[in-house]
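If you want the building blocks of each chain, they are given just below.
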Amino acid sequence: MARPSYRALAALVTATSMVATLAQAPASANGGPTLRLVRAQAEVTIYRRGPWPVPLDIGVYAAAVNGDFELQAARQDYDHPIVVTQWDGGVPIQTLPDGTADGWNGLANFFDVTVTNSNDVVRLNATQTFCPAMYGRQRIDDSGPDRSRFPYYGCGGNPLALGNVWGIDQGWSLNAFDPYGYYYGYYGEAPVTYFMGKDGHFTVDVAIGSEYRSLFGISETDGTVQVGVTIVTDRRCHWPCYGRGGRLAGAAKSSNSLEPAGQSPTMGVPVTTSPDPASLPDLQVLPPWNIGISFRRNGSQYLTFSANVWNEGPSPLMVEGYRQPDTDVMDAYQYFYENEAVVGRAPVGTMEYDERDGHTHWHFQDFAGYSLLDSTGTLVVRSTKEAFCLVPTDAIDLTQPGANWLPSSIGLGTACGGESAIWVRETLDAGWGDTYTQWVPGQSFDITDLPNGRYFVRVEANPNGNLYERDSTNNIVDRKVSIRGEGIGRHVVVHPWHGIDTEYCYYCY
């Protein structure tokens, strides 16, 4: 039987009773879909430029458990109010009370938020609308689908709308406050909880309202969470200091072990250490290009370059990170795909948050390595660049089997995540490569005291063999260069690659 339309259901509910329930018991009383709150960290720091209100971007998420958490909001016509109904498996199971909808903005008064200072004085006591259709949804485990099937355009929208779907897939979650979500949604999206107070340490208690806990069968334990928040004024940053909120001082760092140190993702996807070659990518390296010498004011000289590791296929490289509780480390898993369906996974190391300017996202460790060799092949300088957020930046060979012409079209794009993230996904589709330009000291090669002569810039993919791929014999490329000249006239000659001159050199006479 076809699912009833939103407006037809709204008309049916309105005709009977606005507060009638289609199922008498709470949603989770019989193990049905419900929610629980999870946090990224026990302690966070929020920076601001001046004594202004700060959004509570504290890494609290509402996660769906026991199935997809699906709501449909609809009205019979413009003369009737919006009715919110919960669904399970294509069947309406309960209608929420009149007044549940905050217009099209979401569920009204869903969260109770209390902020107390170090003297236990309450500085904020507020309620918060919750929009279950926000951008930036994150997985808490792999028990659900690998692609979210619910709309993620934000709440609000056209005031003349008639019906909407709000939902969170099993195993997925949404930021409770989505403090920067208004950049992704329409006008009228759910309000954001801001806090105005002096610098210092505060305790933030977030609770799902008691009425909603009763409606959805949420226990008090699952419906409450507490986070310690330190607010710091730093006039060097630009309000609201993007990328600097949520840092966990003194957080545990990763080890070199491939085995997960935290809670591994549950169990929807089998672990395999012998995946089918058809489900694997093949990482290959392009010769470095855009090679030059950068001069610093202190007299130091650096050899800069661009490098690209690409995936010949036939399968995408897909790495997901799941955050270890109360750390700034994620356990990384490589997922294996056949015919766009996931068939297995394996632990492949860790991801760490990079808080430096220009990064402020999560990096996968050991994707590529860069080194400078002398004419005998001896290592003389090694780049410290070893962590990456994988993104398909360049189409290298879209004629390869399995190449994806439109990487964003399959809903498995890269999400590098912010400091409060609990999950990230980094991808490199077949036929595509990821270019990084090494111009930062430490990533580029310090050649200040290096004599002139012939050298090789080496790029190596998967240097520690952590990733699973079809062929590891094609992971290294050396590009021959010559360093010449003195002082500010020092320059590098980049020798052609198979007769191809990849760049123009002002000093190549």
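What counts and what doesn't
All chains use their own residue numbering, which begins from 1 and follows the written sequence. Only residues with pLDDT of at least 70 are given local features in this predicted model, and only at 80 or more are side-chain atom pairs given and counted; all residues enter the totals for whole chains, interfaces and linings. Only heavy atoms go into the side-chain values, all of them from the structure, while hydrogens and water stay out. Under the scheme used here, helices are H or I runs from DSSP no shorter than 4 residues and strands are E runs no shorter than 2 residues, and both carry numbers assigned from the N terminus. Using a 1.4 Å probe on the protein chains alone, a residue whose accessible area is under 20% of its type maximum counts as buried, one over 50% counts as exposed, and one in between counts as partly exposed. Contacts between residues were defined by any pair of non-hydrogen atoms, one from each residue, lying within 4.5 Å. With residues, only the protein chains shown are counted as cover, and all accessible areas are computed by Shrake-Rupley using a 1.4 Å probe. A strand pair is defined by DSSP finding two or more bridges across the two strands. Pairs of N or O atoms within 3.5 Å make up the polar contacts considered here, provided that, within protein, one atom can donate a hydrogen while the other can accept it, and that residues adjacent in sequence are counted only when both atoms are side-chain atoms. Side-chain atoms within 4.5 Å are what join buried Ala, Val, Leu, Ile, Met, Phe, Trp, Tyr and Cys residues into a set we call a nonpolar core. Here a Phe, Tyr or Trp ring, Trp counted by its six-membered ring, pairs with any other such ring whose centre lies within 6.5 Å, and the pair is stacked when the planes are under 30 degrees apart, edge-to-face when over 60, and tilted otherwise. Grid points spaced at 1 Å and placed over the protein atoms alone form the basis of the search, with a cavity being a set where a 1.4 Å probe fits but cannot get out and a pocket an open set showing protein on both sides within 12 Å along at least five of seven lines. Lining residues have an atom within 4 Å of a point. Grid points are joined across faces, edges and corners, and a volume is the space filled by probe spheres set on the points. Charged residues are taken to be Asp, Glu, Lys and Arg, nonpolar residues to be Ala, Val, Leu, Ile, Met, Phe, Trp, Tyr, Cys and Pro, and polar residues to be all remaining types, Gly included. Note on method: axes are straight lines fitted to C-alpha atoms, helices fitted across the in-contact stretch only, with angles between N-to-C directions ranging 0 to 180 degrees.

## What about the overall build of the chain?
Within the chain, the secondary structure is distributed over 2 helices and 32 strands. Residues classed as buried in the chain amount to 53% of the 509 residues present. A fraction of 72% describes how many contacts in the chain between residues 6 or more apart in sequence connect residues 24 or more apart. Element-wise, carbon and sulfur atoms account for 51% of the exposed surface of the chain, whose accessible area totals about 22500 Å².

## Describing the pairing of strand 20 (residues 329-338)
Across the 10 residues of strand 20, 9 count as buried, placing the element largely inside the fold. Connecting strand 19 (residues 317-323) to the next strand, strand 20, in antiparallel fashion are 5 residues, including Asp326 with a positive phi near 55°.

## What about unusual backbone geometry?
Backbone phi values are negative for most residues with the exception of glycine, while trans is the configuration of most peptide bonds. For the bond running from Gly313 to Pro314, omega is 10°, close enough to zero to count as cis. Of note, Pro314 is situated in the loop between strand 18 (301-311) and strand 19. You will see that Asp120, though not glycine, has its phi angle at about 65°, which is positive. Along the chain, Asp120 falls in the loop between strand 8 (107-117) and strand 9 (122-130). Overall, the relative accessible area of 65% leaves Asp120 in the exposed class. Even without being glycine, Glu340 reaches a positive phi, approximately 65°. As for its position among the elements, Glu340 is in the loop between strand 20 and strand 21 (341-354). Relative accessible area serves as the criterion here: at 54%, Glu340 is assigned to the exposed category.

## Topic: the sheet that holds strand 12 (residues 172-175)
Across the sheet, 4 strands lie side by side as 1-4-12-10; this open sheet has antiparallel pairing. With one partner strand each, in any of the chains shown, strand 1 (34-39) and strand 10 (138-139) form the two edges of the open sheet. Relative to strand 12, strand 4 (residues 60-65) runs antiparallel, the two being bridged by 3 bridges. Bridged to Ala62 within strand 12 is Leu174.

## Considerations on the side chain of Ser148
By the secondary structure assignment, Ser148 is in the loop between strand 10 and strand 11 (163-168). Here Arg137 takes part through its side chain, which lies 3.2 Å from a polar atom of the side chain of Ser148. A polar contact of 2.6 Å, which involves the side chain of Ser148, links it to the side chain of Asp169. Not counting the four nearest positions on each side in its chain, Ser148 is found in contact with Arg137, Asp169 and Trp172.

## Some words on the nonpolar core
Ranked by internal contacts, the top residues of the largest apolar core, which has 61 residues, are Ile58, Phe110, Phe111, Val206 and Phe216. Excluding anything up to four places from it in sequence, Phe111 contacts Leu37, Ala126, Thr127, Gln128, Phe130, Ala176, Phe177, Val206, Ala207 and Ile208. Counting 42 residues, the second largest nonpolar core, distinct from the first, contains Ile293, Ala307, Ala461 and Val481.

## Digging into the packing of aromatic side chains
The tally for this structure, following the rule as stated, stands at 14 aromatic pairs. Considering the side-chain rings of Phe305 and Phe445, the 5.1 Å spacing of their centres and the 15° angle between planes classify their relative orientation as stacked. A residue pair is termed long-range when its members are at least 10 positions apart, and Phe305 in strand 18 and Phe445 in strand 29 (residues 445-446) qualify at 140 residues. Of the residues examined, Phe305 reaches a relative accessible area of 0% and is grouped as buried. Measuring from ring centre to ring centre gives 5.5 Å for Phe336 and Tyr468, while their planes differ by 80°; the resulting arrangement is edge-to-face. Here Phe336 is found in strand 20, whereas its partner Tyr468 is found in the loop between strand 30 (453-461) and strand 31 (476-484), with 132 residues between them in sequence.

## What to know about the side chain of His495
Position of His495 relative to the elements: it lies in the segment after strand 32 (491-494). A relative accessible area of 17% places His495 in the buried class. Once residues lying within four places of it in the same chain are set aside, the contact partners of His495 are Arg479, Lys480, Val481 and Ser482.

## Re empty space enclosed by the protein
In this structure the tally under the stated criterion is 3 cavities of 30 Å³ or more. There is about 40 Å³ of room inside the second largest cavity. If you go around the second largest cavity, you meet 10 residues; those closest to its centre are Ile82, Val83, Val84, Leu96 and Pro97. For the lining of the second largest cavity, the per-class residue count stands at 7 nonpolar, 2 polar and 1 charged.

## With respect to the sheet that holds strand 8
On the basis of which strands lie adjacent, the open sheet formed by 5 strands has the order 2-15-14-8-9 and mixed pairing. Pairing within the sheet leaves two strands with one partner each, and these edge strands are strand 2 (43-48) and strand 9. This sheet shows a mean twist of 30° between the axes of neighbouring strands, independent of strand direction. Both strand 14 (residues 200-208) and strand 15 (residues 224-233) contribute to a ladder of 8 bridges, which runs antiparallel. Looking across to strand 15, one finds that Gly200 is bridged to Ile231.

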